[in-house]
Each structure stands twice: as structure tokens, then as C-alpha cells.
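Each chain is listed here by its residues.
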Protein chains: 2
Amino acid sequence: MTRPLFVHLVPQLFDPEQVQGGVVVILDILRASTTIIHALENGAQGVIPVADVEQARVVASRLTPEQVLLGGERDGLLIPGFDLDNNPLAYTRDVVAGKQIVFTTTNGTAALERAKAARQILIGAFVNLSAVVDKVYATTGPVHLVCAGTRGKVTLEDALCAGGIAWKLLEKDQQELFDRTDDQLQLVLDSYRNRTKDSATFRRAMRSSFGGRNCVRLGFDLQIDRAATFDLFKSVPSFDATTGIITI
Amino acid sequence: MTRPLFVHLVPQLFDPEQVQGGVVVILDILRASTTIIHALENGAQGVIPVADVEQARVVASRLTPEQVLLGGERDGLLIPGFDLDNNPLAYTRDVVAGKQIVFTTTNGTAALERAKAARQILIGAFVNLSAVVDKVYATTGPVHLVCAGTRGKVTLEDALCAGGIAWKLLEKDQQELFDRTDDQLQLVLDSYRNRTKDSATFRRAMRSSFGGRNCVRLGFDLQIDRAATFDLFKSVPSFDATTGIITI
């Protein structure tokens, strides 16, 4: 039996029960996924995603103050009183090593919540794309590439990353283990193919995407470039729905 | 000011208020849009879309029996006691001329219902694609290309038609009247570009899409071919939300 490979362009496009027993990859490229991967690669002990600012403060207050940092964003910006915003470049080793990051962003958290029935929940981005492909290939069962989107809107940057993961997974899939019929899969494959023909085209696509336009507006051009870098890192964070913590 | 051009891959991806004052094109390629266009081009007086089978019988019972036909489908097939299924090839001039068609399909009707706040609601398909492009170009205000999908699922055949309309509209748009930034628009443009390179590729895409697979399973290959024919007809049906009737 082949393994179904689904893409969901926004989390609202799948029923929470549909992912039960499957492997989910959460893609929130600009910027939560990219930032979480940076934090963990730079030595953070764990990232604890929470839904809102109040809950973030409550969760943080239960941990040793020296061990915890508050991170995340609202409307793209630093939350008053927080240590870090959602800038992957700010999660350097000297800042985050050994710390627990209590982290709140609107879209990534909603996607995780909706996917929690899955057997395995991974955090993917361009910065760990090949690692995600290898990890997913080594699992069994249905695969769901979940684009976080932005407030229920489809975003091209997440769709492109889903397309990239799917493209490389199917390239690797000499034995045709994967069922390729999903229509959303077809759409993201087409887009990935068109928009990664050369680096200038890819850069233009990332900057013109919904998340990219927001970043450009806020002056976060370097963050887009970082998020659009392939395979900076080799690890794939996973979310443990029991402990509520993302680790590598 | 430029005119926003939006694509919605399923009707659930827009809020009903969002289309207020705009022009909506409903795309339910396999097969409701294609069938409705055939019916009206072949002389039907009007098509009255209704949500369910019971309502179809009630609406039909209010009309002169000689003037009315019951059409539509459930699970792709003829509804017991109905005159016609959802096969565009069955809506020939000798069958439909002068008749009102009371018509029920799951997806097209839901899309119409959600779009009813729009200033203008048009029915589009490959069979009248260039006519849709001309008609939309001649209007003003935001444009929403609404893919009907199937039971809330994104379907490639509707996405491809949205891509085709958008592609030709933007080709025509020398003065850059349209705002091209919508991310769903980008996705369907990529797909249209990849999947219409030659007629064999296009045919394969249409047959492998969600709606196409259903038609293949039911033995409706000729209907797919018909739905995949560009510009058979020159008119664009429109839905009058006040009378509840689609006419040309």
C-alpha cells in the first residue's frame, strides 16, 4: 500500500481527526518555524508554544527565571515585556543556549493545536528542508505537510516550502512508496518548480509572498533571506503533545 | 487604484462579506459550471440552482410542468425521478430549449450561496473562458475567482480554470489595472502554466484531478474531454440573487 502524501494550504483545510496516526510537518516559514529551528540549533533546551501572551507569562512564571525566555510576536513585532521577537537572527547561541523559550505566535500555534492528534509532529522550513525530507522518508504512515498560513489566509512562502519538501521526497522515492494524487500537492509542486528555477526568481517569490510583504514592510529583509536559505541545519524539531514542548 | 484580483481555492476561504460589491466568477468545472453553460447555450430559458433534492421538487412543482426539467446529481449520478444528471453532453437543444432547469449539485450551489453579496455573479468554465475574461475585463471593482471544490476539498480542475482566466486577464491587462499580489492567484498561475504546456499534459492534469478521477471512475471520460475544451461558447451566464435564476 502506498503512503498518502497530503498538503494542506491552511490548517482549516483538514479535519483534526484526519491526521490521526500520521506524520505532520508544520510549515510557518516567515517566521515561526524558521525561528524555532534557529533557537533549538543554537542550544535552547526546548520551545514551549502557547496560544496567547497571558498564557506565555503564566507558563514562564512556573519555570526558574534564569532558565526561561519569552519569545514571539504580535503583528510581526516584539511583545511588550518579552525578551525576543520572532526574528530567527536574534536567537543566537549566547542568548538562547540552555534556555527554555516560551513562544507565542498566532499561526504556528493554531496549526500545532489542530494537528495534535498526529503520531508525530515535526517543524519544517527551508533551513532544514533536506533533514525534514530524510526524517519523513524514514517514518511510516500518511504524511501531512501543513502550511500555517496567516490568519486563515494561504501564504505562498509556506506553499513553496511544502512544494520543496514534496519535490525532494518524491525525487527520493524511487520505489513509489508515496501516493501523489492529492490536488493541493499538485499545486505546490507546480509552484515550487516555477519559483525556484534560479535564485533571483526564488528571492522575488519569497519577498512578494504574503509573509514576505509583511517582512519587507517592517524592514525585515535579512530575515526573509535567512528563511529562504536551504539546509542551514541538519535537525528536525518535534513537538511532544504530552509535554507541550518542541525539542530536537 | 488597481483592481484586486483574488482566487479562492474553496468557497470556505473567503468571508461572504469580502465579495460585497465585487464580481465573482464561480468555477465548478467538473461538472456544474460546464453543464449550466451548455444548458443555456442550447436554449434553456434559465437554470434555477437549489440546495437539495426536496427543494428542487418543490420549486419545479410551482412551474408549468411542460416548461420545467429537473437536473443535477448526487455522488455524480442521476437523482431518482430527475430528468437529467450533471452531464453537459445531455443538455442538448432538443432536450432543453425553452425549458427552465431546476438544478441541484452540492458544491456549485454552496459556492453561489456564499457569494450572493457580490454585485455580479458569473458562471465560468474552460468552455467559455475567453468570454469570461472579456466580461470581467469590462466590469469594475474587485474580482473573485471562486473555485467550488468538492465538499470543502481543493480540486485541481477548478484551480486550473481559475489560473487560465487569471492568465488571460493579466495578458490582456496592458495598463496593469489589476493588483496581482494575491498568493492563491500566484499558485493557480503556476499550475496553469505547467499543466497547459501541451494538450497531452492538460488532458492528463484534468483526468488526474479530484473531479477528473471521479469522472474516470464513473466512466465519464467524454465529459472530461468536453469540460477541457476551450472557448466552445461565447456567452457568460450570470446569477441574479434576487430572482434566484441563472440566465445568459
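Computed from a predicted model, the values in this text were never measured in an experiment.

Participant: Would you mind going over the side chain of His38(B) with me for this structure?
Facilitator: All names here are of chain B. Looking at the element boundaries, His 38 is found in helix 1 (residues 32-41). By relative accessible area, His 38 is classed as buried at 2%. Within polar-contact distance, the side chain of His 38 engages the backbone oxygen of Thr 34 at 2.8 Å.

Participant: What is the right way to look at the environment of Leu9(B) in this model?
Facilitator: Here Leu9(B) is to be found in the loop between strand 1 (3-8) and strand 2 (23-27). Residues Leu9(B) and Val146(B), spaced 137 residues apart in sequence, show a C-alpha to C-alpha distance of 6.5 Å.

Participant: Explanation requested: the interface of chain A and chain B in the structure shown.
Facilitator: One frequently used descriptor of interface size is the decrease in accessible area upon assembly of the parts. The partner chain B presents 24 residues to the 24 residues of chain A that form the contact. Summed over both sides, the interface of chain A with chain B buries roughly 2000 Å², with 49% coming from carbon and sulfur. Among the residues of chain A in contact with chain B, Asp183(A), Leu187(A) and Asp190(A) are the three that bury the most area, contributing 30% of the side total. Remark: the boundary between chain A and chain B carries four salt bridges. Ionic pairing is found between Asp183(A) and Arg213(B), a salt bridge with its closest N-O pair at 3.2 Å.

Participant: How should the nonpolar core be read in this particular structure?
Facilitator: One broad rule of soluble globular proteins: the nonpolar side chains tend to lie buried together. Core analysis: the largest hydrophobic core is formed by 148 residues, its most contacted members being Leu9(A), Leu145(A), Leu9(B) and Leu145(B). The residues contacting Leu145(B), other than those within four sequence positions of it, are Leu5(B), Phe6(B), Val7(B), His8(B), Val25(B), Leu27(B), Ala162(B), Ile165(B) and Ala166(B).

Participant: I tried to follow the state of the cysteines on my own but got confused; where do I start?
Facilitator: Here the structure, examined in full by the defined rule, presents zero disulfides over all chains. Residue Cys147(B) stays outside any disulfide, its sulfur separated by 8.1 Å from that of Cys161(B), the closest cysteine.

Participant: Please clarify how the relation of the copies chain A and chain B should be interpreted in this entry.
Facilitator: A rotation about an axis combined with a shift along that same axis relates the two copies of the chain. For the pair chain A and chain B, the best superposition has an RMSD of 0.0 Å and corresponds to a rotation of 180 degrees with a translation of 0.0 Å parallel to the axis. Overall, the copies show the geometry of a two-fold rotation axis. In terms of proximity to the rotation axis, the leading residue of chain A is Asp190(A), whose C-alpha is 2.9 Å off the axis. Mapped onto chain B, 100% of the interface residues of chain A again fall at the interface, so both copies present the same surface.

Participant: Honestly, the pairing of strand 3 (residues 46-49) of chain B in this entry has me stumped. Any pointers?
Facilitator: Residue and element names in this part refer to chain B. Covered by surrounding structure in strand 3 are Gly 46 and Ile 48 together with Val 47 and Pro 49, the residues of both alternating faces. Note: strand 3 against strand 5 (residues 100-104), four bridges, orientation parallel. Looking at the pairing, Ile 48 lines up with Val 102 of strand 5.

Participant: In this structure, what is going on with the environment of Ile48(B)? I would like to understand it.
Facilitator: Residue and element names in this part refer to chain B. Position of Ile 48 relative to the elements: it lies in strand 3. Residues Ile 48 and Asp 83 lie 35 residues apart in sequence; the distance between their C-alpha atoms is 14 Å. Setting aside chain neighbours within four positions, we find Ile 48 in contact with Val 59, Leu 63, Gln 100, Ile 101, Val 102, Phe 103, Gly 244 and Ile 245.

Participant: Which parts of the structure should I look at to understand helix 5 (residues 129-138) of chain A?
Facilitator: Think of an α-helix as turning once every 3.6 residues; residues three or four places apart then point the same way. Listed as buried for helix 5 of chain A are Leu129(A), Ala131(A), Val132(A), Val133(A) and Val136(A). Packed against the buried residues of helix 5 of chain A are strand 1 (3-8), strand 2 (23-27), strand 6 (120-124), strand 7 (143-147) and helix 6 (156-172) of chain A.

Participant: Explain the pattern of salt bridges to me, please; I cannot follow it from the model alone.
Facilitator: Pairing of side chains with opposite charge becomes possible as their charged atoms draw close. Residue and element names in this part refer to chain B. Tallied over the full model, the rule gives 14 salt bridges over all chains. Linking Arg 180 and Asp 173 is a salt bridge whose minimum nitrogen-to-oxygen distance equals 3.0 Å. Taking the relative accessible area as the measure of exposure, Arg 180 reaches 27% and is therefore partly exposed. The exposure class of Asp 173 is buried, given its relative accessible area of 2%. Residue Asp 221 is joined to Arg 207 by a salt bridge in which the shortest nitrogen-to-oxygen separation is 2.7 Å. Placement of Asp 221 in helix 10 (residues 221-227) and of Arg 207 in helix 8 (residues 199-208) is noted, with a sequence separation of 14 residues between them. Judged by relative accessible area, Arg 207 falls into the partly exposed class, the value being 25%.

Participant: Got a minute to help me understand the packing of helix 7 (residues 183-195) of chain A against helix 6 (residues 156-172) of chain B in this structure?
Facilitator: Contact geometry of helix 7 of chain A with helix 6 of chain B gives a least axis separation of 9 Å together with a crossing angle of 35 degrees. Facing helix 7 of chain A, whose interface residues are Asp183(A), Gln186(A) and Leu187(A), helix 6 of chain B presents Leu156(B), Glu157(B) and Ala159(B). Its residues assigned to classes, the contact of helix 7 of chain A with helix 6 of chain B shows three nonpolar, one polar and two charged.

Participant: What exactly am I supposed to notice about helix 9 (residues 210-218) of chain A here?
Facilitator: Restricting attention to buried positions, one finds in helix 9 of chain A the residues Phe210(A), Gly211(A), Gly212(A) and Cys215(A). Against the buried residues of helix 9 of chain A lie helix 6, helix 8 (199-208) and helix 10 (221-227) of chain A together with helix 7 (183-195) of chain B. At the exit of helix 9 of chain A stands Gly219(A), carrying a positive phi of roughly 80 degrees.

Participant: Explain the packing of helix 8 of chain A against helix 9 of chain A to me, please; I cannot follow it from the model alone.
Facilitator: A pair of packed helices can be characterised by two numbers: the angle between their axes and the separation between those axes. All names here are of chain A. It is at 4 Å that the axes of helix 8 and helix 9 come closest, and there the two elements cross at 80 degrees. With respect to helix 9, the element helix 8 is oriented roughly perpendicular. Touching Met 206, Arg 207 and Ser 208 of helix 8 are Phe 210, Gly 212, Arg 213 and Val 216, all from helix 9. Of the residues contributing to the contact of helix 8 with helix 9, the split by class is three nonpolar, two polar and two charged.

Participant: Would you mind showing me how to read unusual backbone geometry here?
Facilitator: Of all residues except glycine, most have a negative phi; of all peptide bonds, most are trans. Omega for the peptide link from Leu30(A) to Arg31(A) comes to 15 degrees, which places this bond in the cis form. Mapped onto the fold, Arg31(A) is located in the loop between strand 2 and helix 1 (32-41). Even without glycine at this site, Asp75(B) takes up a positive phi of about 55 degrees. One can find Asp75(B) in the loop between strand 4 (68-72) and helix 3 (93-96).

Quick notes on the rules
- Residues numbered from 1 in each chain as written.
- Chains lettered and ligands numbered in written order.
- Predicted model: local features only at pLDDT ≥ 70, side-chain atom pairs only at ≥ 80, totals over all residues.
- Heavy atoms only, no water.
- Helix = DSSP H or I, 4+ residues; strand = E, 2+ residues; numbered from the N terminus.
- Buried < 20%, exposed > 50% of the residue type's maximum accessible area, 1.4 Å probe, protein only.
- Polar contact = N/O pair within 3.5 Å; in protein donor to acceptor, adjacent residues only side chain to side chain.
- Contact = heavy atoms within 4.5 Å.
- Buried area = accessible area lost by both parts, 1.4 Å probe.
- Salt bridge = Lys/Arg side-chain N within 4 Å of Asp/Glu carboxyl O.
- Core = buried A, V, L, I, M, F, W, Y, C linked by side-chain atoms within 4.5 Å.
- Disulfide = S-S within 2.5 Å.
- Least-squares fit on C-alpha atoms with pLDDT ≥ 70 in both.
- Pairing = 2+ DSSP bridges.
- Axes fitted to C-alpha atoms, helices over the stretch in contact; angles between N-to-C directions.
- Nonpolar A, V, L, I, M, F, W, Y, C, P; charged D, E, K, R; others polar.
- Parallel < 35°, antiparallel > 145°, perpendicular 65-115°, else oblique.

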